[in-house]
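# Coordinates in review
As a plain string of letters, each chain reads:
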Amino acid sequence: EIYTFHKTAEAIPYLAMELLEGVTLKTRLQNAGRFEDPTRLQEIVDGLAGALAAAHERGVVHRDIKPDNVFLPATGVPRAKLVDFGLSRMQKQDKSLTQSGMIIGTPRYMSPEQIRNASAAGPRGDLYSLGVIIYECLSGQSPYPAEDYGQLLGCLMEGRTIPFQIVRPDLPQFVPFMGRAIAHDPAERFATGGELADAYAAAVGLPSRRLEIARQPPKKVERSGRQRVWSQSLSGPKGSTLAF
């Protein structure tokens with residue numbers, strides 16, 4: 001959440017944002033392993049799907065959905081926050097701004113069409129990446145039978161994945177969900193974040209909370225007290241990088 005934005009006396013623009021306390025999803029998976037119970041993952045899926053739905057409705061494509069960019073706050077709602085829009089672009093943006101042949105994103109979580117052409121990445125590419133994350137969270141492993149970077153690219157381009165029923169035979173209800181979430185053909189995937197979240201909820205057997213999470217009011221901030229902190233923080237040496 002962005003609290004305010006302004007410029008310093010030297011005309012250096014800055015943002016004052018909330019301080020996130022917690023861990024990334026990557027750290028959570030490294031420390032605790034896969035989610036044995038899919039209901040424990042549902043609120044995270046609802047939060048991420050809702051964030052992507054909001055971004056896509058405004059024409060923003062993230063292009064770098066991965067566990068490193070999913071933050072799990074220690075307290076509060078939502079249970080997960082999508083961060084780092086540094087590689088995002090507007091859908092109507094001039095595609096010549098992305099050079100041909102460039103790989104934009106993290107290949108392990110990128111959609112096949114984004115591997116082929118970064119400027120062609122759209123909302124369904126983001127949802128594919130979220131599908132890969134969900135697969136990893138529930139299975140504890142990558143969906144691709146690859147041992148190196150070259151094999152990974154081959155699996156992505158050819159649509160070769162490890163069937164979900166092999167890695168989690170105890171969760172047969174998620175086989176159709178995974179089939180759509182990481183389908184090689186974008187037309188066969190979920191069209192929106194809301195559709196993906198609702199399908200996950202149906203597989204779990206519980207109602208989705210994505211709309212409830214989206215309606216959560218922003219936290220109230222004591223502006224006057226924080227503004228004094230910002231003004232003191234901005235007194236550093238000229239040209240320095242300041243973080244809030």
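Residues numbered from 1 in each chain as written. Predicted model: local features only at pLDDT ≥ 70, side-chain atom pairs only at ≥ 80, totals over all residues. Heavy atoms only, no water.

### What about unusual backbone geometry?
Only a minority of non-glycine residues have a phi that is not negative, and only a minority of peptide bonds are not trans. The residue Ala-11 is not glycine, and still its phi comes out positive at about 70 degrees. The residue Ala-11 is located in the loop between strand S1 (2–7) and strand S2 (13–17) in this model. Here Arg-63, not a glycine, exhibits a phi torsion of approximately 75 degrees, which is positive. Considering the arrangement of structural elements, one finds Arg-63 in the loop between strand S4 (60–61) and strand S5 (70–73). The buried category is assigned to Arg-63, whose relative accessible area is 8%. (Helix = DSSP H or I, 4+ residues; strand = E, 2+ residues; numbered from the N terminus. Buried < 20%, exposed > 50% of the residue type's maximum accessible area, 1.4 Å probe, protein only.)

### Brief notes about the packing of aromatic side chains
The full count for this structure, using the stated rule, is five aromatic pairs. Arranged with centres 6.1 Å apart and planes meeting at 85 degrees, the rings of Phe-174 and Phe-177 form a pair that is edge-to-face. Pairing Phe-177 with Phe-190 gives two aromatic rings, centres 5.4 Å apart and planes at 35 degrees, and the pair type is tilted. Here Phe-190 lies in the loop between helix H7 (175–181) and helix H8 (193–204) and Phe-177 lies in helix H7, a separation of 13 residues in the sequence. The pair formed by Phe-177 and Phe-190 is uniform in burial state, with each residue classed as buried. Among the aromatic residues, those joined into a ring-pair cluster are Phe-174, Phe-177, Phe-190 and Tyr-200. When the ring centre of Phe-35 is taken as reference, the NZ or CZ atom of Arg-28 above it lies at 4.0 Å. (Phe/Tyr/Trp six-rings, centres within 6.5 Å; stacked < 30°, edge-to-face > 60°. Lys NZ or Arg CZ within 6 Å of the ring centre and 35° of its normal.)

### Remarks on the confidence of the model for the protein
Confidence in the prediction of the protein, expressed as mean pLDDT, is 83, and 80% of residues score 70 or more. Low pLDDT, under 50, characterises residues 94–102; the predicted model gives this stretch seven contacts beyond four residues in sequence or across chains. (pLDDT = per-residue confidence, 0-100. Contact = heavy atoms within 4.5 Å.)

### Considerations on the nonpolar core
Ranked by size, the top nonpolar core spans 45 residues in total, and within it Leu-41, Ile-134, Leu-138, Phe-174, Phe-177 and Tyr-200 carry the most contacts. Secondary structure elements with two or more residues in this core: helix H1 (25–32), helix H2 (39–57), S5, helix H4 (123–139), helix H5 (149–158), helix H6 (164–167), H7 and H8. Once residues lying within four places of it in the same chain are set aside, the contact partners of Tyr-200 are Pro-38, Leu-41, Gln-42, Val-45, Ile-134, Leu-138, Phe-174 and Phe-177. (Core = buried A, V, L, I, M, F, W, Y, C linked by side-chain atoms within 4.5 Å.)

### Some points on the pattern of salt bridges
This model, assessed by the stated rule, comprises twelve salt bridges. Taking the shortest distance from any N to any O, the salt bridge between Lys-81 and Glu-18 comes out at 2.5 Å. In this pair, Lys-81 sits in strand S6 (residues 81–82) while Glu-18 sits in the loop between S2 and strand S3 (22–24), placing the two residues 63 residues apart along the sequence. Judged on exposure class, the residue Lys-81 and its partner Glu-18 are both buried. With a closest N to O distance of 2.9 Å, Glu-36 and Arg-34 form a salt bridge. Through salt bridges with shared partners, a single ionic network connects Arg-34, Glu-36, Arg-168 and Asp-170. (Salt bridge = Lys/Arg side-chain N within 4 Å of Asp/Glu carboxyl O.)

### A closer look at the side chain of His-62
By the element assignment, His-62 lies in the loop between S4 and S5. A polar side-chain atom of His-62 sits 3.1 Å from the main-chain carbonyl oxygen of Val-83. A polar atom in the side chain of His-62 sits 2.9 Å from the backbone oxygen of Asp-84. (Polar contact = N/O pair within 3.5 Å; in protein donor to acceptor, adjacent residues only side chain to side chain.)

### Digging into the sheet that holds S6
Judged by pairing direction, the sheet is antiparallel, and its three strands sit side by side in the order S3-S5-S6 without closing on themselves. Both edges of this open sheet fall to S3 and S6, since each of them pairs with a single strand only. Summarising the sheet, S5 and S6 pair through two bridges and their orientation is antiparallel. Within the sheet, the bridge partner assigned to Val-70 lies in S6 and is Leu-82. (Pairing = 2+ DSSP bridges.)

### A look at the pairing of S5
The alternating pattern of S5 places Val-70 and Leu-72 and Phe-71 and Pro-73 on opposite faces, both of which are buried. Here S3 runs beside S5; their pairing, made up of three bridges, is antiparallel. When the bridges of S5 are listed, Val-23 appears paired with Leu-72.

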